[in-house]
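# Commentary on secondary and tertiary structure
Chain by chain, the residues:
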Amino acid sequence: MLSKDKIIITSNLIPLVGAIFFGWEPKGIIWGYWAETVIISVFSIIKIRKAKGKKSSYTEAQLRHSMYVPQTKLELIRKAKKRYLWIVGIYGFVFFILFFPSLKMMYVILIMSISSFVEHAISYYTEFIKNEKYKNIFPFDQYQKPLSRILVMHGTVIFSVGIVSFGFFKVILAVLI
């Protein structure tokens, strides 16, 4: 049986292998990462529902100075759904305008979506359920957790969109200026 780490590495290598050996277009790969954001969003909401930790890793002062902190788990789940709908919706709309998905891209999106779903499902089961991480993580902490991954992933995707749309040198010049 494959270990969780091997599955994560394999899932993350699929776009590279697809681009190098199967001629996947960058636009299709970008859509695949958008689909992964949808999957991360769904698993994040599932984790918030399951989280049972009693104490946040944030201090009272950090919580008071952060944006609105929902008082109940149900409010937090609603807020998470809104957050992810905005993230997925805005990027989906922009990508749709820039890169209308062709039929050829659909198999790339499907393959990346399946591998991402398998990766996140196995991670959810092994880390969150089997290792009982849900017992120790506070729902608000779980709410905040995926943001850094999503921001890094979208930063990379936006940079890639710029390269694909406007050319490598123009993007590098814009970043340097």
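Residues numbered from 1 in each chain as written. Predicted model: local features only at pLDDT ≥ 70, side-chain atom pairs only at ≥ 80, totals over all residues. Heavy atoms only, no water.

## With respect to the overall build of the chain
- A tally of regular secondary structure across the chain gives 8 helices and 0 strands.
- Along the chain, from the amino end to the carboxyl end, the secondary structure elements read α-α-α-α-α-α-α-α.
- When each of the 177 residues of the chain is scored for burial, the buried share is 37%.
- Expressed as a percentage of contacts within the chain between residues at least 6 apart in sequence, the contacts between residues at least 24 apart total 86%.
- On the chain, roughly 11,300 Å² of surface is accessible, and the fraction owed to carbon and sulfur atoms is 70%. (Helix = DSSP H or I, 4+ residues; strand = E, 2+ residues; numbered from the N terminus. Buried < 20%, exposed > 50% of the residue type's maximum accessible area, 1.4 Å probe, protein only. Contact = heavy atoms within 4.5 Å. Areas by Shrake-Rupley, 256 points an atom, 1.4 Å probe, with all protein chains shown as cover.)

## Some thoughts on unusual backbone geometry
- For Glu 132, which is not glycine, the phi dihedral falls at a positive 55°.
- You can see Glu 132 is positioned in the loop between helix H5 (103-130) and helix H6 (139-144).
- With a relative accessible area of 37%, Glu 132 lands in the partly exposed category.

## Description of the environment of Glu 36
- Turning to its location among the elements, Glu 36 is positioned in helix H2 (residues 26-50).
- Dropping the residues within four chain positions of it, Glu 36 is found in contact with Ser 116, Glu 119, His 120, Arg 149 and Met 153.

## Describing the nonpolar core
- Counting residues in hydrophobic clusters, the biggest one holds 13 residues, and the most contacted among them are Ile 48, Ala 80, Tyr 84 and Tyr 143.
- Counting residues per element, this core draws most heavily on helix H4 (residues 73-98), at 5 residues.
- Contact partners of Tyr 84, with chain neighbours within four places excluded, come to Ser 41, Ser 44, Ile 45, Gly 89, Tyr 143, Pro 146 and Ile 150. (Core = buried A, V, L, I, M, F, W, Y, C linked by side-chain atoms within 4.5 Å.)

## Things to note about the confidence of the model for the chain
- This prediction gives the chain a mean pLDDT of 82; 81% of its residues lie at or above 70.
- Helix H8 (residues 168-176) is the least confidently modelled element of the chain, averaging 57 in pLDDT, while H5 averages 92, the highest of any element. (pLDDT = per-residue confidence, 0-100.)

## Some points on the packing of aromatic side chains
- Enumeration over the complete set of coordinates arrives at 8 aromatic pairs.
- For the pair Trp 24 and Tyr 107, a centre-to-centre distance of 6.2 Å together with 85° between the ring planes defines the contact as edge-to-face. With Trp 24 in the loop between helix H1 (4-21) and H2 and Tyr 107 in helix H5, this residue pair connects regions lying 83 residues apart in the sequence.
- You can call Tyr 107 partly exposed: its relative accessible area is 35%.
- Summarising the aromatic geometry, the rings of Phe 128 and Tyr 134 are spaced 6.4 Å apart at their centres and angled 45° between planes, so their arrangement reads as tilted. An identical accessibility class is assigned to Phe 128 and Tyr 134; each is buried.
- The residue whose ring lies beneath Lys 50 is Tyr 134, and the NZ or CZ to ring-centre distance is 4.5 Å.
- Taking NZ or CZ as reference, Arg 83 lies 3.8 Å from the ring centre of Tyr 143, over its face. (Phe/Tyr/Trp six-rings, centres within 6.5 Å; stacked < 30°, edge-to-face > 60°. Lys NZ or Arg CZ within 6 Å of the ring centre and 35° of its normal.)

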